[in-house]
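# Close look at the chain arrangement
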Amino acid sequence: MADVDELTLEQLLEVEVQSVYGASKFLQKITEAPASVTIVTSDEIRRFGYRNLADVLGRVRGFFTTYDRAYAYAGVRGFQRLGDYNTRVLLLIDGVRVNDNVYEQASIGDEFHLDLDLVDRIEIIRGPSSSLYGSNAFFGVVNVVTKRAAQMPGVRVGATIGTHGEQGAQASVGHGFRNGVDLVVSASAADYDGRAAIYFPELDAPETNGGVAERLDWQRRRSVFGKVAFGGLDVQASFVHREKGLPTGAYGIVFNESRASLEDQMALVAVGYDRRLGPVDLRTRGSFGHMRFAGDFPYDAEEDDAPVVLNRDLGVGRWWTAETMLSTTWRKTHRLTSGVEVRHNVRQDQENYDEQPYASYLDDRRRSVNWAWYAQDEWRVGGQHLVSVGVRQDYYDAFTAPVMPRVSWVIMPSATTTVKLLYGGAFRAPNAYETWYAYGPYKANPDLAPERIRTTEAVLERHIGRRYRLSANVFRYWVSDLITLTVDPVDERYAYVNDGDARATGVEFEAEGRWARGVTGRVSYSAQRAVDADSGARLESSPSHLAQMALSFPVFRDAMEAAVDLQVVGARTTKTGATLDAHAVPNLTVTSPALFGHLDVSLSIYNLFDTRYGHPAADDLPQDVITQDGRTVRVRAIWRF
């Protein structure tokens, strides 16, 4: 390995440094960003056969995912609250918030807005970022950047088939007009039969079909996306509708009942305008969002001879947002950024009722407004130091959030070495579901307050020659006033309360290499200890060790590419206190790009060695562990006209 001192100036200039937008709300090198950042490119998504955001996050340093056959949940740096709908991660599409306004859910499974074919890159920004984004930017921010027409020109049609009855079709058009208009349109449909029978040992009894759920793992998904850009103006719209069978008997419903299902619907229209006004960059954003959740839950009737009652749980949210941001350079060394943001929640409705005979248990209709201001200064001190200070304050109808700071000191002793010292705080506001959901055994809690986190972190990043990159992190965080579902001993009803603190310490290492003829590899390892701050006990579903490996290389004289990735998740405890063994799951994808000049074909084998493993289950599921799929196969073909 060549030392930097041995490199010529030309070689130094060839060191590839990626850029990130979401860390500071302007494009900057990730080596200068006030956070630890990972970029997953569209080329990686294609080569490794990633199917959704959960697949991507599960292969990223410090992240792990859990799937309960309804939704996928992300864990970050040893912290994961099962069933929290990823409310402690902020999800953006091209910088626009897409967490909904009822559950504040960050959808990372198949209910996410976009097909990954539309994604240019995914920015994963670790650590708190409430100083820029407010609530939900708690453990991290995931910014999904969509492609422009030049990245997917012409007409494309594709088809997908796979095991368990997976089949799908998609079509897209990308075109850049001579007048500068940039257009992307896409539509897709996918059906999945799922496993014909899933056995749950906890439910093995004659009255529950021997613990076997039959033909309830199905899924149907439809999505459309459109994007138009001209000059500094861009408009995009997305819509996704997903229906999913519910095989687990969650929420105390009748097990193996064919009507048990979930429906998720999300829509987003976003408009952005960028313009240079003298020395000032003006950026304005506006969006309108819609979400609808419907759960069909069959319950036993109270009378023994009555038929099963179908209960429907609904959540409907609509909101609009507006943001104006100004950014300028002062005295050549300061980059000043400030802005205001408002979110008007015009609908935050929750309903619950029995269909037949009709009986209403919850009809809660609300609206609210929150707004915020933020400011940030990036100060370049000489050529080797970059200091960034940012603050933000959010105002809600029920409370005023504390001022959230972020301070970073980036030291660049050479062109290939960066040291980052980071401190930040974040909050998560209680959502409408946690505050106002009151039905049956659940009751509302209007006094619920935000939970908070403080994080310190040190990062070392070093490029060695043109081929290798190394990074090491050490972090510590403290979480206070956790929003937790508990049973009130007075009336024995469930309610969300601020109860519990947590803390964690960890280290992360990553090495990446690029060799001749297109061979690339990356390996990472994380060790963390996340515990309850009072008892010192390890948090539930918190692995002490995580490891990821990814390797891709050409085969058959560059006619094809092969990619192998491996995720290793250490042992975790479940809700009953049992220990779930560590597991390692490898995947293999072989792609043949530009076959016959126009056809892209890929073959993916997930869980290559048919490893038997499971994920911990949330409290509202009767299982302690949810068994995951064995080996599955998917074939995709895309014809480019």
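Refer to the preceding data block for the structure.
Summary of the structure given here.

Parameters at a glance
Residue indices begin from 1 for each chain and proceed along its sequence in written order. The predicted nature of this model means local features are confined to residues of pLDDT at least 70 and side-chain atom pairs, given and counted, to a pLDDT of 80 or more, with totals for whole chains, interfaces and linings taken over all residues. The side-chain values count all of the structure's non-hydrogen atoms but skip hydrogen atoms and water molecules. To qualify as a helix, a DSSP run of H or I must reach at least 4 residues; to qualify as a strand, a run of E must reach at least 2; elements of each kind are numbered from the N terminus. For a compact globule the rule gives 2.2 Å times the number of residues to the power 0.38, and the radius of gyration it is set against comes from C-alpha atoms. Summary of the burial criterion: residues with accessible area below 20% of their type's maximum are buried, those above 50% are exposed, and those between are partly exposed, where the area comes from a 1.4 Å probe applied to protein chains only. Contact definition: two residues touch when any of their heavy atoms are within 4.5 Å. We get accessible surface area from the Shrake-Rupley algorithm with a probe of 1.4 Å; when it comes to residues, only the shown protein chains can shield them. Put simply, a salt bridge is a Lys or Arg side-chain nitrogen that is within 4 Å of an Asp or Glu carboxyl oxygen. Pairing between strands requires that DSSP locate at least two bridges from one strand to the other. Here is the rule: rings of Phe, Tyr and Trp (six-membered ring for Trp) pair when centre to centre is within 6.5 Å. Planes less than 30 degrees apart are stacked, more than 60 are edge-to-face, and the remainder are tilted. Comment: the charge-over-ring label is applied if NZ (Lys) or CZ (Arg) is within 6 Å of the ring centre and within 35 degrees of the ring normal. The pocket and cavity definitions rest on a 1 Å grid over protein atoms only: a 1.4 Å probe that fits but cannot leave marks a cavity, an open set with protein on both sides within 12 Å along at least five of seven lines marks a pocket, and residues lining either have an atom within 4 Å of a point. Grid points are joined across faces, edges and corners, and a volume is the space filled by probe spheres set on the points. In the scheme used here, Gly and all other residues not listed as nonpolar or charged are polar, with Ala, Val, Leu, Ile, Met, Phe, Trp, Tyr, Cys and Pro taken as nonpolar and Asp, Glu, Lys and Arg as charged.

## Overview of the overall build of the chain
A tally of regular secondary structure across the chain gives five helices and 40 strands. Here the C-alpha radius of gyration of the chain, 25 Å, is about what a compact globule of 641 residues would show, namely 26 Å. In terms of principal-axis extent, the alpha carbons of the chain reach across some 85 × 60 × 55 Å. In the chain, buried positions account for 54% of the 641 residues. For the chain, long-range pairs separated by at least 24 residues make up 61% of all intrachain contacts whose partners lie at least 6 apart in sequence. With the model as given, the accessible surface of the chain reaches about 26800 Å², and the carbon-plus-sulfur share is 57%.

## Brief notes about the pattern of salt bridges
Within this structure, the stated rule accounts for 52 salt bridges. Measuring nitrogen to oxygen at the nearest pair gives 3.1 Å for the salt bridge that ties E44 to R522. Here the residue E44 occupies a position in helix α2 (residues 42-48), and R522 occupies one in strand β31 (residues 520-532), the gap between them amounting to 478 residues. Note on accessibility: E44 and R522 belong to one class, buried. R88 is paired through a salt bridge with D84; the nearest N and O atoms lie 2.9 Å apart. In this structure, R88 and D84 share a single accessibility class: buried. When salt bridges that share partners are traced, they join R61, R77, E457, R469, E508, E510, E512 and R514 into one network.

## So, the pairing of strand β26 (residues 451-464)
Every other side chain in a regular strand lies on the same face of the sheet, so the side chains alternate between the two faces. Relative to β26, strand β25 (residues 417-428) runs antiparallel, the two sharing twelve bridges. Its bridge partner being in β26, K420 is matched across the sheet by V459. In this sheet, strand β27 (residues 468-480) lies alongside β26 in antiparallel orientation, the contact comprising 13 bridges. The partner of L460 across the bridge, within β27, is A472. Between β26 and β27, which pair antiparallel one after the other, the connecting turn spans three residues, and G465 there sits at a positive phi close to 65 degrees.

## Brief notes about the packing of aromatic side chains
One pass over the structure, following the stated rule, counts 24 aromatic pairs. Between Y73 and Y85, the ring centres sit 6.3 Å apart and the planes meet at 50 degrees, which makes this aromatic pair tilted. Placement of the pair is Y73 in strand β5 (residues 72-76) and Y85 in the loop between β5 and β6 (89-93), with a sequence separation of twelve residues. Residue Y85 is classed as buried on the basis of its relative accessible area of 15%. One aromatic cluster is present, formed by Y71, Y73, Y85, Y103, F293, Y361, Y433, Y437, Y439, Y442, Y494 and Y496 through successive ring pairs. Directly above the ring of W436 sits R366, whose terminal nitrogen or CZ lies 3.4 Å from the centroid.

## As for empty space enclosed by the protein
Within the structure shown, the criterion is met by ten cavities of 30 Å³ or more. Empty space within the largest cavity amounts to approximately 150 Å³. As for the largest cavity, its lining consists of 14 residues, and the residues nearest its centre are G95, V96, R97, E323 and E341. Among the elements of the structure, β6, β7 (96-97), β18 (280-299) and β19 (309-330) are those that each provide at least two residues to the lining of the largest cavity.

## Remarks on unusual backbone geometry
With the exception of glycine, the majority of residues adopt a negative phi angle, and the majority of peptide bonds are in the trans configuration. For the bond running from Q356 to P357, omega is 0 degrees, close enough to zero to count as cis. Mapped onto the fold, P357 is located in the loop between β20 (334-354) and β21 (359-364). In this model, R69 sits at a positive phi of 65 degrees, which is unusual for a non-glycine residue. Residue placement: R69 occurs in the loop between β4 (63-67) and β5. With relative accessibility at 1%, the residue R69 sits in the buried group.

## Quick notes on the side chain of E434
Among the structural elements, E434 can be located in helix α5 (residues 432-436). Owing to a relative accessible area of 7%, E434 belongs among the buried residues under this scheme. Beyond its immediate stretch of four places on either side in the chain, E434 contacts R428, L448, I483 and Y496.

## A short note on the sheet that holds strand β8 (residues 119-126)
The strand order β3-β8-β9-β6-β7 describes an open sheet built from five strands, whose pairing is mixed. Two strands close off the open sheet at either side, each with one partner strand: β3 (37-41) and β7. One ladder, built from five bridges, connects β6 with strand β9 (residues 140-146); its direction is parallel. Bridging from a neighbouring strand, I93 pairs with V144 of β9.

## Overview of the layout of surface pockets
Within this model, the second largest pocket holds a volume of roughly 1300 Å³. L82, L485, Y496, D619 and D620 are, among the 47 residues lining the second largest pocket, the residues nearest its centre. Among the elements of the structure, β18, β19, α5, β28 (483-487) and β29 (494-498) are those that each provide at least two residues to the lining of the second largest pocket. Class assignment of the residues belonging to the lining of the second largest pocket gives a composition of 23 nonpolar, nine polar and 15 charged.

Functional significance is not addressed by these values, which are geometric in nature.
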